[in-house]
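Take a look at the letters that make up each chain.
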Amino acid sequence: MILSRYIAARFLWAYAQVLGSFWAIMMLIDMVEQLRRFSSRGISTAGALHLAAMNTPASLYRILPLIIILAAITLFLSLARSSELVVIRAAGRSALRFLVAPVLMALLIGGLTIAVFNPLVAATQKEYDRLWAAAADGAQSTLSLADSGLWLRQGTDDGQTVIRAVRSNVDGTELYGVTFLRFGADGLPDERIEADSARLIPGAWALTGAKRWDMSGANPEREATLLSPDATLASNLTAARIRDSFGDPSAVPFWGLPAYIAGLERAGFSARAHRVWYQMELAQPLLLAAMVLIAAGFTMRHARAGKTGMYVLLAILGGFFIFFLRNFAQVLGNNGQIPILLSAWAAPVAAILLALGLLLHLEEG
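Rules used throughout
- Residues numbered from 1 in each chain as written.
- Predicted model: local features only at pLDDT ≥ 70, side-chain atom pairs only at ≥ 80, totals over all residues.
- Heavy atoms only, no water.
- Pairing = 2+ DSSP bridges.
- Helix = DSSP H or I, 4+ residues; strand = E, 2+ residues; numbered from the N terminus.
- Salt bridge = Lys/Arg side-chain N within 4 Å of Asp/Glu carboxyl O.
- Buried < 20%, exposed > 50% of the residue type's maximum accessible area, 1.4 Å probe, protein only.
- Expected span 1.5 Å × (residues − 1).
- Contact = heavy atoms within 4.5 Å.

J.: Tell me about the pairing of strand 5 (residues 189–201), and please be specific about residues and values.
T.: As paired strands, strand 4 (residues 174–183) and strand 5 are joined by nine bridges and run antiparallel to one another. In the sheet register, Phe-180 faces strand 5, and the bridge partner there is Ile-193. Linking two consecutive strands that pair antiparallel, namely strand 4 and strand 5, is a turn of five residues; a positive phi of about 85° is found at Gly-187 within it. In terms of strand pairing, strand 5 meets strand 7 (residues 211–214) through four bridges, oriented antiparallel. Each residue of the ladder has a partner; that of Glu-191, found in strand 7, is Asp-214. Looking at chain direction, strand 5 and strand 6 (residues 204–208) are connected through five bridges and run antiparallel. Within strand 6, the residue paired with Leu-200 across the bridge is Trp-205.

J.: Any chance you could break down the pattern of salt bridges for me, citing the residues and the numbers?
T.: In this structure the tally under the stated criterion is six salt bridges. One salt bridge connects Arg-212 with Glu-191, and the closest N-O pair in it is separated by 2.3 Å. Residue Arg-212 is located in strand 7, and its partner Glu-191 is located in strand 5; the two are separated by 21 residues in the primary sequence. Arg-212 sits in the partly exposed class, given a relative accessible area of 26%. The network of salt bridges with shared partners includes Glu-33, Arg-36 and Arg-37.

J.: So what's going on with helix 11 (residues 308–334)? Residues and values would help.
T.: Across its 27 residues, helix 11 extends 39 Å between first and last C-alpha, which sits within 8% of the 39 Å expected from 1.5 Å per residue. Against the buried residues of helix 11 lie helix 2 (45–62), helix 3 (64–81), helix 9 (272–282), helix 10 (284–299) and helix 12 (340–362). Looking one or two residues beyond helix 11, the residue adopting positive phi is Gly-336, at roughly 80°.

What follows is the structure, given as structure tokens:
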């Protein structure tokens, strides 16, 4: 038990070192990029540092499996160079039993990551998107979801228009049970339009079964008018802009994903990408454990055996391959080419089985 705690502590220290190094490097690179991107707008160093601080957690979160495999390689190489690995094996501790401590630590890190770090990343990424939009051109997301339906916002030369719909088609270009509330330059509502449906066409919404109220009149209901079947309402929205308003699934906190998925499907949108991401988050601890096993399969050997550099390179390439395979499976899952569970769990399970096969082949008993 004492040995297991010692190995676990060494692994956590290696993980902290690698994570801190990557954080410092990525923070510096991102700050320089923000200074370059917004130099024409006179951004200060403090402003660039703030943007980089909000963006770096998401970048670290994406490469967490690679950080884990580098931490595991660091652990096994340090134990081999100090001959501690030889002593442990000479004491009768098998390779698989020796790996229990770092694998459990990887599972623990994965669990804490999705429970604590994931919501933090989602919050910082949302703040970064807001700050970036404000610094760039003031544009912000046009879509949000609520229990009452979905809400859109558009801006034209006449003012801002808030759109509420009970449901929509998959890409948000056709709305049902829709209400348009137009605000003037003074911020007060000028006009309200309710329609059975609204279909997005280039530059406008084509309305069906629409009724209009003039909110500036003395009695809007008495002065309400029915619009013709071919009535349209000017719009600067496009299908691509509505689709982009959903944002990345990683911008939604892990604990809020089930409710967000239910809201998307209730509004009529496809939530497949968010379902894939949710399953991939659940499989994250298993993937981190697989990275530890891959690193052990190539680098858990005595330093005097030689070819250390080659085995380290093979371990890193193996980690990159599993990382690429996981991302490729995510793309296939998002596009509906393979089932959601297969896209999320296939890569971690395959990596663990391959690594265990390699370890059992090399194990001397």
